[in-house]
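# Examination of the molecular architecture
Residues per chain are reported as follows:
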Amino acid sequence: MGMNDFNPYQTPASDEPAQGCWRRGGKVWLAAGSALPCRCIRCAGETTAEEGKNVNLYWTPPAALLLSAAVMVLFFIFAPVLFAWLDEWKAPVLIVLALLFTAAQIWLQRKRRLFVPVCRRCRRRRIGVMAALALAAVLLLLLAESKIPLLMSLGFGGAMIALLALMLYGNRRIRALAIRDDCSVLTGFGRRFLDTLENRG
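Residues numbered from 1 in each chain as written. Predicted model: local features only at pLDDT ≥ 70, side-chain atom pairs only at ≥ 80, totals over all residues. Heavy atoms only, no water.

## Some points on the layout of surface pockets
Gaps between atoms show up when a probe of the same size as a water molecule is rolled over them. In this structure, the largest pocket occupies an estimated 610 Å³ of space. Counting residues per element, the lining of the largest pocket draws most heavily on helix H3 (residues 120-143), at six residues. Of the residues belonging to the lining of the largest pocket, the class tally is ten nonpolar, three polar and ten charged. (1 Å grid on protein atoms, 1.4 Å probe; cavity = no way out; pocket = protein on both sides within 12 Å on 5 of 7 lines; lining within 4 Å. Points joined across faces, edges and corners; volume = space filled by probe spheres on them. Helix = DSSP H or I, 4+ residues; strand = E, 2+ residues; numbered from the N terminus. Nonpolar A, V, L, I, M, F, W, Y, C, P; charged D, E, K, R; others polar.)

Put into structure tokens, the structure is as follows:
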């Protein structure tokens, strides 16, 4: 097979651990320049290049977060003096400071673009579960319109639980715990996918 026929997302010919990708417990370590194995990140089933999507992962170093927190604390401490001194220039200066602070946060962030393979079955299951939870929340909210206090309480409480479950389930995605020059530390993978990786922990 020539280089022009190479498909980085084709199913591997063996069950050998993927090079540049391993785990330590429930966290996945991915070397810089490496891609995730061409297996569904949920069920570890076979996937193709079309089954998945490119995602941008972001991570802010802890030192940058501490610096941001220190700047905010100092700002609130000296805000009364600053506002009294600025007088009518207060609003423009605040806008400029907010823009500078936001720009600094973006500049300090680290980013990694990654292809995340997810099989069609897991995508359909995800859509089905989220649709069921949304429907349950709507039906429970309708129940909360009842004039019977018990049904009203059950409907409202159940709807809040369904909405919370929908939010938590919808938030199940790959997240970066660290993005370094040599590797990235990721979380959010299914147990079956994790079991296919070399465990170095």
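## Considerations on the nonpolar core
Membership of the largest hydrophobic core comes to 29 residues, with the highest contact counts inside it found for Leu-36, Ile-41, Leu-57, Leu-186 and Phe-189. Elements supplying a minimum of two residues to this core: strand E1 (21-24), strand E2 (27-31), strand E3 (52-59), strand E4 (110-117), strand E5 (175-179), strand E6 (183-187) and helix H5 (191-195). It is E2 that provides the largest number of residues to this core, a total of four residues. Once residues lying within four places of it in the same chain are set aside, the contact partners of Phe-189 are Val-28, Leu-36, Ile-41, Arg-42, Ile-174 and Leu-194. (Core = buried A, V, L, I, M, F, W, Y, C linked by side-chain atoms within 4.5 Å. Buried < 20%, exposed > 50% of the residue type's maximum accessible area, 1.4 Å probe, protein only. Contact = heavy atoms within 4.5 Å.)

## Quick look at the sheet that holds E1
Sheet architecture is open: five strands sit in the order E5-E6-E2-E1-E7, paired in mixed fashion. Taken across any chain shown, the strands that pair with only one partner, and hence form the sheet edges, are E5 and strand E7 (198-199). Strand direction decides the pairing type here: E5 and E6, joined by four bridges, are antiparallel. Considered in E6, the bridge of Ala-178 is made with Val-185. (Pairing = 2+ DSSP bridges.)

## Concerning unusual backbone geometry
Backbone geometry places Ala-44, a non-glycine residue, at a positive phi of 70°. The residue Ala-44 is located in the loop between E2 and E3 in this model.

## Quick notes on the environment of Cys-40
With respect to the secondary-structure elements, Cys-40 resides in the loop between E2 and E3. Taking the relative accessible area as the measure of exposure, Cys-40 reaches 0% and is therefore buried. Through-space distance from the C-alpha of Cys-40 to that of Val-116 is 8.1 Å; in sequence the pair is 76 residues apart. For Cys-40, the residues in contact, after removing those within four places along its chain, are Gly-45, Thr-47, Pro-117, Val-118, Cys-119, Cys-122 and Phe-193.

## As for a nonpolar patch on the surface
Taken together, the side chains of Leu-67, Val-71, Met-72, Phe-76 and Phe-101 present a nonpolar region at the surface, about 480 Å² in accessible area. Residue contributions to the nonpolar patch peak at four residues, all from helix H1 (residues 62-86). Mapped onto the secondary structure, Phe-101 falls in helix H2 (residues 90-108). (Patch = residues over 30% accessible without salt bridge, like charges linked within 9 Å, V, L, I, M, F, W, Y side chains within 5 Å. Areas by Shrake-Rupley, 256 points an atom, 1.4 Å probe, with all protein chains shown as cover. Salt bridge = Lys/Arg side-chain N within 4 Å of Asp/Glu carboxyl O.)

## Some words on the environment of Leu-135
The topology assignment puts Leu-135 in helix H3. We classify Leu-135 as exposed; its relative accessible area is 51%. Counting along the chain gives 28 residues from Leu-135 to Leu-163, while the straight-line C-alpha distance between them is 9.9 Å.

## What about the packing of H3 against helix H4 (residues 149-170)?
The interhelical angle for the contact between H3 and H4, taken along N-to-C directions, is 160°, at an axis separation of 7 Å. Accordingly, the angle class assigned to the pair H3 and H4 is roughly antiparallel. At the point where H3 passes H4, the crossing takes the left-handed sense. Only Leu-151, Met-152, Gly-155, Phe-156, Gly-158, Ala-159, Ala-162, Leu-163, Ala-165, Leu-166, Tyr-169 and Gly-170 of H4 make contact with H3, whose side of the interface consists of Arg-125, Arg-126, Val-129, Met-130, Leu-133, Ala-134, Ala-137, Leu-140, Leu-141 and Leu-143. Of the residues in the contact of H3 with H4, the class split is 17 nonpolar, three polar and two charged. (Axes fitted to C-alpha atoms, helices over the stretch in contact; angles between N-to-C directions. Parallel < 35°, antiparallel > 145°, perpendicular 65-115°, else oblique. Left-handed = near helix turned anticlockwise from the far one by under 90°.)

## Some points on the confidence of the model for the chain
Mean pLDDT over the chain: 83, with 90% of residues reaching 70 or higher. Confidence drops under a pLDDT of 50 for residues 1-16, and excluding neighbours within four residues, the segment shows 15 contacts in the predicted structure. (pLDDT = per-residue confidence, 0-100.)

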